[in-house]
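Below are the chains, spelled out letter by letter.
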Amino acid sequence: MQKQSPSKLLLLISVGLFFSCAKQTAVPAATSLSADKSGGNALKPVPSVVTYLTGDAADVTTSPTAGLILMGGGTDVDAAIKWFLQKAGGGDVVVIRATGADGYNQYMYDMVGVNSVETIIIDSRTKADLAAVTQKIRNAEALFIAGGDQWDYVNYWKNTGTEDAINYLINTKKVTVGGTSAGLAVMGSIYYSAQTGSVTSAQALKDPYHKYITLGQNDFIATPLLQNTITDSHYTQRDRQGRHITFLARMMKDFAYNNIKGIGIDEQTAVCIDQTGAGKVYGINQAYFLQNENLGAETCISGTPLTWNRSGLAVKAYKIRASLTGNGSFNATNWTLGGGTAYHYYVNNGVLVQN
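Since this is a predicted model, take the numbers as computed values, not measurements. (Residues numbered from 1 in each chain as written. Predicted model: local features only at pLDDT ≥ 70, side-chain atom pairs only at ≥ 80, totals over all residues. Heavy atoms only, no water.)

Colleague: Requested: an account of the pairing of strand β5 (residues 51–55), with residues and values cited.
Modeller: Counting buried residues along β5, four of its five residues qualify, which places the element largely inside the surrounding structure. Examined bridge by bridge, β5 and strand β8 (residues 116–121) share five bridges and lie antiparallel to one another. The residue bridging Thr51 from the neighbouring strand is Ile120, located in β8. (Buried < 20%, exposed > 50% of the residue type's maximum accessible area, 1.4 Å probe, protein only. Helix = DSSP H or I, 4+ residues; strand = E, 2+ residues; numbered from the N terminus. Pairing = 2+ DSSP bridges.)

Pasting the structure below:
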């Protein structure tokens, strides 16, 4: 559950685009000239985009620091959010989402001194491609993807200017980027899109090609520290270990990977990773790090329960209990871990076992 608090609302007009405050009557769609398919000019409506601004509307230039914030959903972790905001170096923080409102604005603005916090509701591909939207993202010194439905993010943002802007922040401008819940789910190079529905562990283990399992590969958010990695949120609270293991089995079977990784994060818990790849776990529950560098599943076919045993050593696992000041150690560059507990997972005929 994200924090809700009042924020200052600003109506912006930029490049023929109306940004309208959701708490006011919506501004009618503007019109602008654009080329039609025949090469001529035609009037084309430009949709209104809801944005909320707290702080200074003027863009500033600071010295942000690269990093990742990976939060598992539920109540936000104050210490992790503070860590994230400090990475902005006093600059502009942007929150993007497809639904919701301004719940992060005042909360973030009051926590750490930044120039502004702005939330943008990007709920269509048309809006995701608007220059006025993508430029706001590119101007950010830190970017946070709120919770919601990750299929909205994939459906609305993939292969648009918004996707390009996110990847620009990560790989060129090198600022801290991340998100919570659905915002976490899309951060890995492999991601669970939930296009057809949300799969449970029981469904996934019973049939690793269940209709609700839809995976994307290297075609959305490009995060170098999360190569060959798939993330999952609300981890133990929603019993997602089994489906996460199934995703890993599918990665080896479908994409021919021989080194696959997974990060599962509980609610009220976050993994914060700095520019060197070093991370700690903040919050009150646990984070889970999964890896396989050996053999894939013995049985991973449609309509048949998953079997991935490998002498009880199918998937290496490591769990780190969070603390309010950051606990354990995790390095995303070489997958070294400390301060937690090591064990293994394996699956026999659709039954997940911890060893």
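Colleague: Can you break down the pattern of salt bridges residue by residue, with the values?
Modeller: Following the criterion strictly, the structure yields nine salt bridges and no others. The closest approach of N and O atoms between Glu141 and Lys173, which form a salt bridge, is 3.3 Å. Of the two residues, Glu141 sits in the loop between α4 (131–138) and β9 (142–145) while Lys173 sits in helix α6 (residues 161–173), which places them 32 residues apart along the sequence. In this structure, the salt-bridge partner of Asp219 is Lys158, at a minimum N-O distance of 2.8 Å. Pair noted here: Asp219 is in the loop between β12 (215–217) and β13 (229–232) and Lys158 is in the loop between α5 (150–157) and α6, with a separation of 61 residues, a long-range link. Within this structure, Asp232, Arg240 and Arg243 form a network of salt bridges that share partners. (Salt bridge = Lys/Arg side-chain N within 4 Å of Asp/Glu carboxyl O.)

Colleague: Kindly report on the pairing of strand β10 (residues 176–180), identifying the contributing residues and their values.
Modeller: A large share of β10 lies buried, amounting to five of its five residues. Residues of β10 alternate between two faces, with Thr176, Gly178 and Thr180 on one and Val177 and Gly179 on the opposite face, all of them buried. Both strand β6 (residues 67–71) and β10 contribute to a ladder of five bridges, which runs parallel. Looking at β10, one finds that Gly67 is bridged to Thr176. Both β9 and β10 contribute to a ladder of four bridges, which runs parallel. Paired with Ala142 across the strands is Thr176, a residue of β10.

Colleague: So what's going on with the sheet that holds strand β21 (residues 341–348)? Residues and values would help.
Modeller: Across the sheet, which stays open at both edges, the six strands sit in the order β13-β14-β17-β18-β21-β22 with mixed pairing between neighbours. Edge positions in the open sheet fall to β13 and β22 (351–354), since each of these has one partner strand only. Averaged over all pairs of adjacent strands, the angle between their axes in this sheet comes to 25°, without regard to strand direction. In this structure, strand β18 (residues 315–321) lies alongside β21, joined through five bridges in antiparallel fashion. Looking at the pairing, Lys319 lines up with Thr341 of β21. (Axes fitted to C-alpha atoms, helices over the stretch in contact; angles between N-to-C directions.)

Colleague: Explain the sheet that holds strand β19 (residues 327–331) to me, and be specific about the residues and the numbers.
Modeller: Taken together, the ten strands give an open sheet; going across it, the order is β5-β8-β7-β9-β10-β6-β15-β16-β19-β20, and neighbouring strands pair in mixed fashion. Only two strands of the sheet have a single neighbouring strand rather than two, namely β5 and β20 (336–338). Strand after strand, the sheet turns through a mean of 15° between neighbouring axes, direction not considered. Looking at chain direction, β6 and strand β15 (residues 269–274) are connected through five bridges and run antiparallel. If you follow Leu68 over to β15, its bridge partner there is Ile273.

Colleague: Got a sec to walk through the packing of aromatic side chains? Specific residues and values, please.
Modeller: Within the structure shown, the criterion is met by twelve aromatic pairs. Ring pairs connect the aromatic residues Phe84, Tyr104, Tyr107 and Phe144, which therefore count as one cluster. (Phe/Tyr/Trp six-rings, centres within 6.5 Å; stacked < 30°, edge-to-face > 60°.)

Colleague: Now, about the environment of Ala278: what can you tell me, with residues and values included?
Modeller: By secondary structure assignment, the location of Ala278 is in strand β16 (residues 278–283). What makes Ala278 partly exposed here is its relative accessible area of 30%. Beyond its immediate stretch of four places on either side in the chain, Ala278 contacts Cys272, Ile273, Phe330 and Asn331. (Contact = heavy atoms within 4.5 Å.)

Colleague: Can you tell me about the environment of Ser48, naming the residues and giving the values?
Modeller: Structurally, Ser48 is set in the loop between β4 (41–46) and β5. Sequence separation between Ser48 and Lys127 is 79 residues, and the spatial gap between their C-alpha atoms is 8.3 Å.

Colleague: How would you sum up the nonpolar core? Please name residues and give values.
Modeller: Formed by 46 residues in total, the largest nonpolar core has its most connected members in Leu70, Ile96, Trp157, Val271 and Phe289. Ranked by residue count, the leading element in this core is α6, at four residues. In contact with Val271, not counting residues within four places along its chain, are Leu68, Ile69, Leu70, Ile265, Lys280, Val281, Ala287, Phe289 and Phe330. Of all hydrophobic cores here, the second largest spans 31 residues; its members include Val199, Ile213, Cys300 and Val347. (Core = buried A, V, L, I, M, F, W, Y, C linked by side-chain atoms within 4.5 Å.)

Colleague: Explain the packing of α4 against α6 residue by residue, including any values.
Modeller: The contact between α4 and α6 brings their axes to 9 Å, and the two run at 20°. When the axes of α4 and α6 are compared, the pair comes out roughly parallel. Between α4 and α6 the crossing geometry is right-handed. Residue-level inspection shows Val133, Thr134, Ile137 and Arg138 of α4 in contact with α6, the latter providing Gly161, Thr162, Asp164, Ala165, Ile166, Tyr168, Leu169 and Lys173. For the contact of α4 with α6, a count of residues per class yields six nonpolar, three polar and three charged. (Parallel < 35°, antiparallel > 145°, perpendicular 65-115°, else oblique. Left-handed = near helix turned anticlockwise from the far one by under 90°. Nonpolar A, V, L, I, M, F, W, Y, C, P; charged D, E, K, R; others polar.)

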